[in-house]
Amino acid sequence: MLSANDFASASWELVVRVDRPDEEEQKDVTLTVSGDLHVGGVMLKLVEKINIAQDWSDFALWWEQKRCWLLKTHWTLDKCGVQADAKLVFTPQHKMLRLRLPNVKTVRLRVSFSAVVFRAVSDICKALNIRRPEELSLLKPSSDYFKKKKKKDKNNKEPLIEDILNLENSPTISGPPVSPGLYSKTMTPTYDPVNGTPVSSTMTWFSDSPLTEQNCNILAFSQPPQSPEALADMYQSRSLVDKTKLNAGWLDSSRSLMEQGIQEDEQLLLRFKYYTFFDLNPKYDAVRINQLYEQARWAIVLEEIDCTEEEMLIFAALQYHISKLSSSAEIQDLTSESEVDEVEAALSNLEVTLEGGKADNTLEDITDIPKLADNLKLFRPKKLILKAFKQYWFVFKDTSITYFKSKELEEGEPVEKLNLRGCEVVPDVNVAGRKFGIKLLIPVADGMNEVYLRCDHENQYAQWMAACILASKGKTMADSSYQPEVLNILSFLRMKNRNSTSSMASSPENMDMNPECFVSPRCAKKHKSKQLAARIMEAHQNVAQMSLVEAKLRFIQAWQSLPEFGLTYYLVRFKGSKKDDILGVSYNRLIRIDAATGVPITTWRFANMKQWNVNWEIRQVAIEFDQNVSIAFSCLSADCKVVHEYIGGYIFLSTRSKGQNETLDEDLFHKLTGGQE
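Residues numbered from 1 in each chain as written. Predicted model: local features only at pLDDT ≥ 70, side-chain atom pairs only at ≥ 80, totals over all residues. Heavy atoms only, no water.

A. The arrangement of empty space enclosed by the protein in detail. Within this structure, the stated rule accounts for 4 cavities of 30 Å³ or more. Its volume calculated, the largest cavity comes out at about 70 Å³. In this structure, the largest cavity is lined by Val 117, Phe 118, Val 121, Pro 133, Glu 134, Leu 136, Ser 137, Ser 253, Tyr 274 and Phe 669. Elements that contribute at least two residues to the lining of the largest cavity include exactly α4 (117–128) and β8 (136–139). No other element matches α4, which puts 3 residues into the lining of the largest cavity. (1 Å grid on protein atoms, 1.4 Å probe; cavity = no way out; pocket = protein on both sides within 12 Å on 5 of 7 lines; lining within 4 Å. Points joined across faces, edges and corners; volume = space filled by probe spheres on them. Helix = DSSP H or I, 4+ residues; strand = E, 2+ residues; numbered from the N terminus.)

Shown next, in the form of structure tokens:
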């Protein structure tokens, strides 16, 4: 047995700083401990010595030098590696955090600083009533993100107080992690599918939440448009290399906020990180749909994603329409019949954009796969040759296009066969100029083959474009999403179709419109205000009959149809290369892009990926594909873990299906995104 002297020699003094939120100064407490004392015993001794009656259940020990939490309370100090020189802080695990939402509204709520970010975001989304939290994450903005805004505020004569929605008593701290969220199957607050307001009979389900009906409306309704001056201040002309900086600050989902140096009451951005929006439902997703719309809107007006002037006017018309409906009380007077129609329309419209299901349809093997056959014009760009289109007879079957010199020669040898699986499909359209083109970038061994197709009219274009889009994903026209895709493309073309006989442009209501609020500052500079207002009102005629939720869904859909949609850019250096390239990460593929010209060099699809990992010593991501294709690159604009997590995250999201419940396999997420072999 140990004598008292032996025990004294085995024990040592440990200084722990106590961080109590209600006290300004932190106090140091000295404890006498031994290496075989477990962490829970240290905390018990600490509370006894402090001798203040309060709820200490949220407190835990934080090790400053190692930047880690000591959450395994059964571990001994020896096992943790804690010695007398360790700087420990006894601090609450939940702290206040300010989050800037996509609608530029700031919410302040209590968040776990000890849980991994993946779980913390899930809790935040429950508090805000946003389903599918796996699609969102926290982004630490660049240092000048908020400074620029403050600089602008200094020029104002009146002091500006930031409008913060305070949800301090947030449900993110109540109950165990397994407690049902606001959107559990048995207690789901539902929304009017036409105007997005919470249905009054379900508002009682918000009773335990700080998200009252008024707060819920703030999150589910579109904010008034920013002034042109505010837009001009926020706008920056961005090259492709500049865009790589926008996504550098994503937090590591496998580590806690505290471990990543986030301070209490710091401001972060809550954003949709992964561009696969699964199971959007107007009945349950008013907040989610509105925040998605707002993220899309800001991406358009700040030109974080490129679009044509014609498309910019469509987006402006939809924004104007949504803004008008959001501020109008008339949205309450719609009939219940239109509600049913709206749900059906919205769900069928969105079906094409959902990528949660498996790509392969086993029924296709026993079904006659439709084919398209028609006269189209083709052009292959070559140096020093003018853009001359030549007509051929085209046949689209399975995921390939074959073309012949004429219809009569269809049974003979084709001029060429193009396999579209894995290709890039880019619209080349000008509705006003009756130009309906499709640009195909087809992967080959040494890069990308560029091919242009030209259609004669809208219907032909919609059918061939939809077929190309599906073929690029490895699907055929037998897939159930083909017809909805055709209708989607047609509806977008009709929105672009300007009515030159319009008398709306001179109507009194557009006198109140400030057209520069709805377009990018660069676009606003090109046109006089009256001319811009007239063109927006002209485009508005095509969307004027839409309900509020339908208009938001159509805006999201139009955003999804842009060629650059869903691409997140990073500056990388490929192994063996002497120059930097851009890596575009999408939901189903990686694209290597020339940093100087912006031209895609080659594409690799996730479907062909065999394995991927990170060499942490040299910070290099290595990926192996089918057919002995392997690539490796180091990341220059962000940490390699950020890019690796994007790839693994998209693969994780592709495993979702409608048959699943809403519980997520968190272990699978960390396995796919963690970077271990």
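B. Broad picture of helix α17 (residues 640–653). Compared with an ideal rise of 1.5 Å per residue, which puts 14 residues at 20 Å, α17 spans 20 Å between its outermost C-alpha atoms and is within 8% of the ideal. For α17, a buried count of 14 out of 14 residues is recorded, marking the element as mostly surrounded by other parts of the structure. With a side-chain oxygen positioned 2.8 Å from the backbone nitrogen of Lys 641, the residue opening α17 is Asp 639. (Expected span 1.5 Å × (residues − 1). Buried < 20%, exposed > 50% of the residue type's maximum accessible area, 1.4 Å probe, protein only. Polar contact = N/O pair within 3.5 Å; in protein donor to acceptor, adjacent residues only side chain to side chain.)

C. Region of interest: the sheet that holds strand β4 (residues 68–70). The 5 strands lie next to each other as β2-β1-β5-β3-β4, forming an open sheet whose pairing is mixed. Pairing within the sheet leaves two strands with one partner each, and these edge strands are β2 (27–34) and β4. Across the sheet, the mean angle from the axis of one strand to that of its neighbour is 35°, orientation sign disregarded. Direction of pairing for strand β1 (residues 11–18) relative to β2: antiparallel, over a ladder of 8 bridges. The partner of Leu 14 across the bridge, within β2, is Leu 31. Those strands touched by helix α2 (residues 39–50) are β1, β2, β3 (59–63), β4 and β5 (88–92), and its axis lies near 130° from that of β2. (Pairing = 2+ DSSP bridges. Axes fitted to C-alpha atoms, helices over the stretch in contact; angles between N-to-C directions. Contact = heavy atoms within 4.5 Å.)

D. Structural detail: the sheet that holds strand β9 (residues 164–167). Taken in spatial order, the 5 strands make up an open sheet running β8-β10-β6-β7-β9, and their pairing is mixed. At either end of the open sheet lies a strand with only one pairing partner, and these are β8 and β9. Between one strand and the next, the sheet's axes are offset by a mean angle of 40°, whatever the strand orientation. With 7 bridges connecting them, strand β6 (residues 94–100) and strand β7 (residues 106–112) associate as antiparallel partners. When the sheet's bridge partners are listed, His 94 is paired in β7 with Ser 112. In the packing of α4 onto the sheet, the strands contacted are β6, β7, β8, β9 and β10 (267–272), and the crossing angle to β8 comes to about 110°.

E. Layout of the packing of helix α10 (residues 309–326) against helix α16 (residues 548–560). As a packed pair, α10 and α16 sit with axes 9 Å apart at the nearest point and diverge in direction by 155°. As the angle between them shows, α10 and α16 are arranged roughly antiparallel. Classified by chirality, the crossing of α16 by α10 is left-handed. Between α10, through Phe 315, Leu 318, Gln 319, His 321, Ile 322, Leu 325 and Ser 326, and α16, the contact on the second element is made entirely by Leu 548, Ala 551, Lys 552, Arg 554, Phe 555, Ala 558 and Trp 559. (Parallel < 35°, antiparallel > 145°, perpendicular 65-115°, else oblique. Left-handed = near helix turned anticlockwise from the far one by under 90°.)

F. View of the side chain of Glu 424. As for its placement among the helices and strands, Glu 424 is situated in strand β15 (residues 424–430). On the basis of relative accessibility, which here comes to 8%, the residue Glu 424 falls in the buried class. Among the polar contacts made by the side chain of Glu 424, one reaches the side chain of Thr 603 at a distance of 3.4 Å. Apart from the residues within four sequence positions on either side, Glu 424 is in contact with Lys 439, Leu 440, Leu 441, Met 448, Arg 589, Ile 591 and Thr 603.

G. Just helix α9 (residues 286–301), in detail. Look at α9: 22 Å from first C-alpha to last across 16 residues, which is about the 22 Å you get at 1.5 Å a residue. Residue Glu 303 follows α9 closely and has a positive phi angle near 55°.

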